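# Topology and contacts: notes
If you want the building blocks of each chain, they are given just below.
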Amino acid sequence: MVAVDTAAVAKNGPGQPAEGVDAELVAQLVEQARAAGLQLTGDGGLLQQLTKRVLESALEGEITDHLGYDKGDPAGKNGENSRNGVRAKTVLTDVGPVEIDVPCDRDGSFTPQIVRKRQRRLSGLDDMVISLSAKGLTTGEIQAHLAEVYGAEVSRQTISTITDKVVEGMTEWQNRPLDPVYPVIFLDAVHVKIRDGKVANRPIYLALAVTVEGTRDILGLWAGDGGEGAKFWLQVLTELKNRGVADACMVVSDGLKGLPDAIAEVWPEAVVQTCVIHLLRASFRYAGRQHWDAIAKALKPVYTAPTESAARARFAEFTEAWGNRYPAIVRLWEQAWAEFVPFLAFDAEIRTVVCSTNAIESVNARIRRAVRARGHFPNEAAALKCVYLAVMSLDPTGQGRRRWTMRWKPALNAFDITFEGRLSAGRK
C-alpha cells in the first residue's frame, strides 16, 4: 500500500490542492499508483486505501486523546486503562465500502467520534442517498446505482432508513416561524397515487409565497383527500397565521372550494384571485379539441380587458358566440367571476404576476418528475416525504433565486403603492 502522511490530507478545492496538502506528495501518490497498476477508484483503488488510512489515523488520534498517551508509550503499562487491540469494521463511504481497524481499550470506555459505534455509513453516503431520492429515484434504483458506481451493497431497508432521517427535518420545517406579511401567496396542488387499500389519486397542497424582498418561500405542504372544503382550508390558513403570517395582500389559487370563505376569516383584507390559466384549462375540458384555439382566442379579450365592465362586455360576446354549443363553459366563468375579476383593478405589473399560478408551476413540475418516478406510494407519509425532498432540492446553485428576485422587482414596487403601508411590517 502507498504510504501517505494523513495529517496533510484536507478538503481540496477544484483544480488545486487545498492549504495543508503537499502538491508534490499528491503527484507522487498518483504516479506510484499508476506505476503499480492501481486504479484511482473502485475496489482496492487508491481513494479507498487513502480513505482507510485517513480514518484509521483519525481513530488512532482519538484513542490517544482518550487514554492520554501515544501508542507504545510505557505509560500504558501502569495498570490503568490501555489499548486492547483492534476490531475490524466495514463502513460505506463515497468511494465504496472500506474495511478499517478500530482501536479498542481495556475497560470499553473509548467512544470514537469520526466513526461512531454501530455506525456503518459515513455522512457523505447518506447525503448522496437523500439527493438521489430527491431526484425521484426509487429505493431499488438507488440500490442499483450504489452497487454499479461504488460497489456498495446497500439494502433497500437501509436506503429507506436513511431517507426517513429527513422526516424530523420536515416536521421542523413545517412548523418554522414565517414572515408577518406576504405580498402574494399561491396555493396549488400536485396529485399523487397513494395505496390505501386501493391506489387512488390524492392531492398534496403547496403554499408558495413571495416575500417583501422578492424571494420565493415555500410555506408548507398538506395532504388532502380531494374533498376539502372551508373547514380544511381554515385549518391550513390558521396554521400559517399561528406561525406568524398576520396578513397577505393577495391569495392566488385555482378556485379551490371553500378557500375564499377561509381567507375572509383569517386575512379579511386579502384579495382572493382565481388563476386565469386554470380557468382556461377547465374551460377546455368542456370543449372539443378542434375548438380549443378558437375558444382561447375568444376568451383572451375577457381576461385582458382594461376594466371589469369591459371584461363583462367581452364575456357577453363570448356567451353569444359559444353559449349554445358550450353552456358549461359559460356557467364555469359565471361561477368563478367574483374571484376572477379582482386582478383587473390593478396595474399591469401586478396583473402579470397574479393572473396565474405560473409562479408555482415550475415548482410543481419538479415535484411531478419526482412523483412520477415513484409510481405510487404506500401511504400519505411516504408521499409527503418525497414531495418535501423534491422541494428541498430546488435551485441548488441559487441562480433561480436571483432570477426570481429580479423578475419580481417591478411587481413589488406596484404592490407597495397599491397596498400602501401593509408591506412595511415585513421589512422591520
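Since the structure is predicted, the reported quantities are computational estimates derived from the model, not experimental observations.

### Quick notes on the overall build of the protein chain
- Looking only at helices and strands, one finds 16 helices and seven strands in the protein chain.
- A fraction of 64% describes how many contacts in the protein chain between residues 6 or more apart in sequence connect residues 24 or more apart.
- Of the roughly 22,500 Å² that the protein chain leaves accessible, carbon and sulfur atoms contribute 50%.

### Section: helix 10 (residues 292–303)
- In this model, helix 10 (12 residues) spans 16 Å end to end at C-alpha, consistent with the 16 Å of a helix rising 1.5 Å per residue.
- The inward-facing, buried residues of helix 10 abut helix 9 (276–284), helix 11 (308–322) and helix 12 (327–340).

### What to know about the pattern of salt bridges
- Taken as a whole, this structure holds five salt bridges when the rule is applied.
- Across the pair Arg 202 and Glu 380 runs a salt bridge whose closest N-O atoms are separated by 2.6 Å. Of this pair, Arg 202 sits in strand 4 (residues 198–210) while Glu 380 sits in helix 15 (residues 380–392), and the two are 178 residues apart along the sequence.
- For Arg 243, the salt bridge is made with Glu 239, and the minimal N-O distance between the two is 3.5 Å.
- Looking at Arg 243, the relative accessible area reads 10%, which means it is buried.
- For Glu 239, a relative accessible area of 24% corresponds to the partly exposed category.

### Quick word on the layout of surface pockets
- There is about 500 Å³ of room inside the second largest pocket.
- In terms of lining residues, the second largest pocket is bounded by 26 residues, among which Asp 254, Gly 255, Leu 256, His 278 and Ala 282 are the most central.
- Put simply, the parts of the chain that give the lining of the second largest pocket at least two residues each are strand 3 (181–196), helix 8 (259–266), strand 7 (271–274), helix 9, helix 12 and helix 14 (358–374).
- Split by residue class, the lining of the second largest pocket holds 11 nonpolar, seven polar and eight charged.

### Digging into the environment of Arg 116
- Here Arg 116 is to be found in the loop between strand 2 (96–105) and helix 3 (123–134).
- For the pair Arg 116 and Val 102, spaced 14 residues apart in the sequence, the C-alpha separation amounts to 9.9 Å.

### What about the packing of helix 9 against helix 12?
- Relative to each other, helix 9 and helix 12 sit at 170°, their axes nearing to 10 Å. By the angle between their axes, helix 9 is roughly antiparallel relative to helix 12. Helix 9 and helix 12 meet at a crossing whose hand is right-handed. On helix 12, the residues that touch Val 276, Leu 279, Leu 280, Ala 282 and Ser 283 of helix 9 are Ile 329, Leu 332, Trp 333, Ala 336 and Phe 340.

### A word on the sheet that holds strand 6 (residues 247–253)
- Across the sheet, which stays open at both edges, the five strands sit in the order 5-4-3-6-7 with mixed pairing between neighbours. The outermost strands of the open sheet, each flanked by one partner alone, are strand 5 (216–223) and strand 7. The average angle at which neighbouring strand axes cross in this sheet is 25°, direction not considered.
- As judged from the five bridges shared by strand 3 and strand 6, these two strands associate in the parallel manner. Bridge pairing in strand 6 links Val 181 to Asp 247.
- In this fold helix 7 (residues 230–242) packs onto strand 3, strand 4 and strand 5, with an angle of close to 140° to the strand it touches most, strand 5.

### Topic: the pairing of strand 6
- Counting buried positions along strand 6 yields seven of seven residues, so the element is predominantly enclosed.
- Two strands pair when backbone bridges link them, and strand 6 and strand 7 are joined in this way by four bridges, in the parallel orientation. From the neighbouring strand, Val 252 faces strand 7, where its bridge partner is Gln 273.
- With helix 8 bridging strand 6 and the parallel strand 7, this β-α-β connection has right-handed handedness.

### Focus on the packing of helix 9 against helix 10
- Where helix 9 contacts helix 10, the two axes come as close as 11 Å, and the packing angle between them is 145°. Handedness of the helix 9/helix 10 crossing: right-handed. Two secondary-structure elements touch here, helix 9 through Val 276, Leu 280, Ser 283 and Phe 284 and helix 10 through Trp 292, Ile 295, Ala 296, Leu 299 and Tyr 303.

### Some points on the side chain of Asp 217
- Mapped onto the elements of the fold, Asp 217 is located in strand 5.
- Apart from the residues within four sequence positions on either side, Asp 217 is in contact with Arg 176, Leu 178, Tyr 182, Ala 207, Leu 208, Ala 209 and Thr 211.

### Observations regarding the packing of aromatic side chains
- On inspection of all chains with the given rule, the structure shows 15 aromatic pairs.
- Ring geometry for Tyr 205 and Phe 232: centres 5.7 Å apart, planes at 50°, overall tilted. Taken as a pair, Tyr 205 in strand 4 and Phe 232 in helix 7 lie far apart in primary sequence, 27 residues in all.
- Arranged with centres 5.6 Å apart and planes meeting at 20°, the rings of Phe 415 and Phe 419 form a pair that is stacked.
- Looking at Phe 415, the relative accessible area reads 0%, which means it is buried.

Reading the values: rules and limits
- Residues numbered from 1 in each chain as written.
- Predicted model: local features only at pLDDT ≥ 70, side-chain atom pairs only at ≥ 80, totals over all residues.
- Heavy atoms only, no water.
- Helix = DSSP H or I, 4+ residues; strand = E, 2+ residues; numbered from the N terminus.
- Contact = heavy atoms within 4.5 Å.
- Areas by Shrake-Rupley, 256 points an atom, 1.4 Å probe, with all protein chains shown as cover.
- Expected span 1.5 Å × (residues − 1).
- Salt bridge = Lys/Arg side-chain N within 4 Å of Asp/Glu carboxyl O.
- Buried < 20%, exposed > 50% of the residue type's maximum accessible area, 1.4 Å probe, protein only.
- 1 Å grid on protein atoms, 1.4 Å probe; cavity = no way out; pocket = protein on both sides within 12 Å on 5 of 7 lines; lining within 4 Å.
- Points joined across faces, edges and corners; volume = space filled by probe spheres on them.
- Nonpolar A, V, L, I, M, F, W, Y, C, P; charged D, E, K, R; others polar.
- Axes fitted to C-alpha atoms, helices over the stretch in contact; angles between N-to-C directions.
- Parallel < 35°, antiparallel > 145°, perpendicular 65-115°, else oblique.
- Left-handed = near helix turned anticlockwise from the far one by under 90°.
- Pairing = 2+ DSSP bridges.
- Right-handed = clockwise from strand over helix to strand, strands pointing away.
- Phe/Tyr/Trp six-rings, centres within 6.5 Å; stacked < 30°, edge-to-face > 60°.

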